[in-house]
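Here is what each chain is made of, one letter per residue.
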Amino acid sequence: ANYTTIMAFKYTTITSVSLFDALAIPSAIILSRVVFGRRYTKIHLLGVMVCSIGIALNVFQDYREDKHLEEVSDDEESAQEEMIKEDYPHKMRGDILAIIGGTLFGISNTLQEVTVRDSTLTEYLGCMTFFASIISILQVIILERDEVMTFFASI
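Residues numbered from 1 in each chain as written. Predicted model: local features only at pLDDT ≥ 70, side-chain atom pairs only at ≥ 80, totals over all residues. Heavy atoms only, no water.

## A word on the overall build of the chain
When helices and strands are counted, the chain shows eight helices and zero strands. Ordering the α and β elements of the chain from the N terminus gives α-α-α-α-α-α-α-α. Burial status across the chain gives 25% buried among its 155 residues. Element-wise, carbon and sulfur atoms account for 67% of the exposed surface of the chain, whose accessible area totals about 10900 Å². (Helix = DSSP H or I, 4+ residues; strand = E, 2+ residues; numbered from the N terminus. Buried < 20%, exposed > 50% of the residue type's maximum accessible area, 1.4 Å probe, protein only. Areas by Shrake-Rupley, 256 points an atom, 1.4 Å probe, with all protein chains shown as cover.)

## Focus on the nonpolar core
Ala8, Tyr11, Val17, Phe20, Leu23, Cys51, Ile55, Leu97 and Ala98 form the largest nonpolar core, which has nine residues in total. Residue assignment for this core shows that the elements contributing at least two residues are helix H1 (2-11), helix H2 (14-21), helix H4 (42-71) and helix H6 (91-118). Sequence-distant contacts of Leu97, that is, excluding residues within four places in its chain, are made with Thr4, Met7, Ala8 and Tyr11. (Core = buried A, V, L, I, M, F, W, Y, C linked by side-chain atoms within 4.5 Å. Contact = heavy atoms within 4.5 Å.)

## Focus on helix H3 (residues 24-36)
Between its terminal C-alpha atoms H3 stretches 17 Å, which fits the 18 Å expected from 13 residues at 1.5 Å a residue. When we look at burial in H3, the residues that qualify are Ala24, Pro26, Ser27, Ala28, Ile29 and Ser32. Of the residues flanking the end of H3, it is Gly37, one or two places downstream, whose phi is positive at about 70°. (Expected span 1.5 Å × (residues − 1).)

## Focus on the packing of H1 against H6
Running from amino to carboxyl end, H1 crosses H6 at an angle of 160°, the nearest separation of the two axes being 8 Å. When the interaxial angle is binned, H1 and H6 end up roughly antiparallel. The crossing of H1 and H6 is left-handed. Two secondary-structure elements touch here, H1 through Asn2, Thr4, Thr5, Met7, Ala8 and Tyr11 and H6 through Lys91, Arg93, Gly94, Leu97, Ala98, Ile100, Gly101, Leu104 and Phe105. (Axes fitted to C-alpha atoms, helices over the stretch in contact; angles between N-to-C directions. Parallel < 35°, antiparallel > 145°, perpendicular 65-115°, else oblique. Left-handed = near helix turned anticlockwise from the far one by under 90°.)

## Things to note about the packing of aromatic side chains
All told, the structure shown has two aromatic pairs when counted by the stated rule. Both rings, one in Phe130 and one in Phe131, keep their centres 5.1 Å apart while their planes meet at 75°; by these two values the pair is edge-to-face. Assessed through its relative accessible area of 48%, Phe131 is described here as partly exposed. Ring geometry for Phe151 and Phe152: centres 5.2 Å apart, planes at 75°, overall edge-to-face. On the basis of relative accessibility, which here comes to 55%, the residue Phe152 falls in the exposed class. (Phe/Tyr/Trp six-rings, centres within 6.5 Å; stacked < 30°, edge-to-face > 60°.)

## A short note on the layout of surface pockets
If a probe the size of a water molecule is rolled over the atoms, the empty space left behind becomes visible. Of the volumes computed, that of the largest pocket is approximately 540 Å³. Residue lining of the largest pocket: 19 residues in total, with Ala1, Asn2, Ser108, Met128 and Ile135 positioned closest to the centre. The set of elements that each furnish at least two residues to the lining of the largest pocket consists of H1, H6 and helix H7 (121-143). (1 Å grid on protein atoms, 1.4 Å probe; cavity = no way out; pocket = protein on both sides within 12 Å on 5 of 7 lines; lining within 4 Å. Points joined across faces, edges and corners; volume = space filled by probe spheres on them.)

## Quick word on a nonpolar patch on the surface
A surface patch of nonpolar side chains, amounting to about 980 Å² of accessible area, comprises Tyr3, Phe130, Phe131, Ile134, Ile135, Ile137, Leu138, Ile141, Ile142 and Leu143. Take the nonpolar patch: its biggest share by element is nine residues, from H7. Take Leu138: it is sitting in helix H7. (Patch = residues over 30% accessible without salt bridge, like charges linked within 9 Å, V, L, I, M, F, W, Y side chains within 5 Å. Salt bridge = Lys/Arg side-chain N within 4 Å of Asp/Glu carboxyl O.)

## Concerning H6
Helical geometry note: an α-helix holds 3.6 residues per turn, so side chains three or four residues apart project in the same direction. Taking 1.5 Å as the rise per residue, H6 with 28 residues should run 40 Å; its terminal C-alpha atoms sit 41 Å apart, in good agreement. Taken residue by residue, H6 has Lys91, Gly94, Asp95, Leu97, Ala98, Gly101, Gly102, Gly106, Thr110 and Val114 as its buried positions.

See below:
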């Protein structure tokens, strides 16, 4: 979840990433309802619906903006449109990464809740720390190998 969210910042605006990370709440509610049978009130479901509509509108707006920037010739572009086209040429890719990140955060939050409920806090924190360390080391080895080698070569 963290990796996809951070990668989303590379491709789309901070506003889009922030809005799509809010998808963690609806995905946590849906997962806990479907998998764990948890009940929610109509107000909760209304909140999920409003959040989902907002996310869909944001994706649609980014899609329309991308299509508009492709259709507009270089002569007709405003300074803002030109900046967006330069800084975020792959906004839809960033949107998809942010949506995946928000969904994974929701899944993570739900699974954390179940784990804390079914085991001791000490056991949960120990396992979380252990597996987070392994995942972080693997990410560094796979994704940032060159930077680490450059760092240690300069020492």
